[in-house]
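# Summary of the model geometry
Chain residues, written in single-letter form:
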Amino acid sequence: MTIDKKYIDLFINVSSKAALASSYLVGKKNKIAADQAAVDSMRAELNKIDMNGKVVIGEGSLDEAPMLYTGELLGNKKGPSFDIAVDPLEGTNFAANNLPGAISVIAIAEEGNLFNAPETYMEKIATGKVEKNLIDLDNSIKKNISNLADFMKKDISSITACIMDRPRHKNIIEELEKLKVKVKLITDGDVLGALYVSDPKYNVDIYLGIGGGPEGVLAASALDAYDCHFQGRFIFDNDKDISDAKKMGITDLDKKYELNEIVKGDSIFCATGITNNNVLSGIDINNNNYTSETLVTHKNSNFKKIIKRTNLIKE
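Residues numbered from 1 in each chain as written. Predicted model: local features only at pLDDT ≥ 70, side-chain atom pairs only at ≥ 80, totals over all residues. Heavy atoms only, no water.

## What about the environment of I306?
Residue position: I306 is located in strand β14 (residues 303-312). Taking relative accessible area as the criterion, I306 reaches 31% and is therefore assigned partly exposed. For the pair I306 and M1, spaced 305 residues apart in sequence, the C-alpha to C-alpha distance is 25 Å. Excluding anything up to four places from it in sequence, I306 contacts Y202, V279, L280, E293, T294 and L295. (Helix = DSSP H or I, 4+ residues; strand = E, 2+ residues; numbered from the N terminus. Buried < 20%, exposed > 50% of the residue type's maximum accessible area, 1.4 Å probe, protein only. Contact = heavy atoms within 4.5 Å.)

## Quick word on the pattern of salt bridges
A complete count under the given rule lists 17 salt bridges for this structure. Note that R309 is salt-bridged to D9, the shortest N-O span being 2.5 Å. One end of the pair, R309, is in strand β14; the other, D9, is in helix α1 (residues 6-23), with 300 residues separating them in the sequence. On the basis of relative accessibility, which here comes to 44%, the residue D9 falls in the partly exposed class. We note a salt bridge from K48 to E45, for which the minimum N-O separation is 3.1 Å. Here K48 falls in the exposed class, since its relative accessible area comes to 56%. Salt bridges linked by common partners bring E123, D136, D138, R233 and K256 together as one network. (Salt bridge = Lys/Arg side-chain N within 4 Å of Asp/Glu carboxyl O.)

## Quick look at helix α4 (residues 141-152)
In an α-helix, one turn spans 3.6 residues; hence positions three or four apart end up facing the same way. Helix length check: α4 (12 residues) gives 16 Å between terminal C-alpha atoms against 16 Å at 1.5 Å per residue, within 8%. All of the buried residues in α4 are N144, I145, N147, L148 and A149. At the exit of α4 stands K153, carrying a positive phi of roughly 55°. (Expected span 1.5 Å × (residues − 1).)

## Digging into the packing of α1 against helix α2 (residues 31-46)
At a minimum axis separation of 8 Å, α1 and α2 run at an interaxial angle of 150°. What the angle tells us is that α1 and α2 run roughly antiparallel. Handedness of the α1/α2 crossing: right-handed. Between α1 and α2, the residues in contact are F11, N13, V14, S15, K17, A18, A21 and S22 and A34, A37, A38, S41, M42, E45 and L46, respectively. (Axes fitted to C-alpha atoms, helices over the stretch in contact; angles between N-to-C directions. Parallel < 35°, antiparallel > 145°, perpendicular 65-115°, else oblique. Left-handed = near helix turned anticlockwise from the far one by under 90°.)

Structure, rendered in structure tokens:
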């Protein structure tokens, strides 16, 4: 089954409107308000679409998130059934402080085809297209980097690894530095960080470390269209998370998930820039028009493009 190409434009509209709504709060030091603006806009736009949509990755459970919560039904109840994953504002701190890297993200797949990720951390590793079993979460850092350097016919010192600048990554960063790998540290933006491996122009060969499980699914849905390698393993380190995982039907708590287990079949991914970043320009408002840039992928039609659009603010 494939998703009709007409949905590409519809979902570009969803993420770009959410980005616009959030852009009015950029630099206002209120990350909750910036996030809420993106959530409200995204929800309103999704409800206009001919579909039976179900949020499988949202802003939290019903009691935590008044809108776009996991399990929420969206759309006008006409048309195909979709699984929906959202991060209406990734990089809330970036938006609040007018820093580069805030984006609005949505991914859709056919019903039952997007992994319903728990709200836990995930070990993850992503690279461009590589041979099977070359890069693995169970390998040492040294083995993964050596394998990748050999495969890419590069010196280890020419490899660039992207990782979030967090205390939990201290040992990994030290190991990378010992190997003389170039290290690109990011402060937030787990989806965007993983996207850097999709194209050589971003000069990132491997993304690794521990980040959000839901963000792992969103990143995987984009990387799938680029034929990249992605592997993730959830971290269940307390009774609540273990109990939640079991309720979701996860029986093997140590399982490594390959990309084709996280996103199955056809999918559409859209990420729109809110503030400028290495991949996308942020929202630019000029009188009653706004210009947005959205990275869009549609797997089955092999569509992968950054779409720049100028629209009226009040259509």
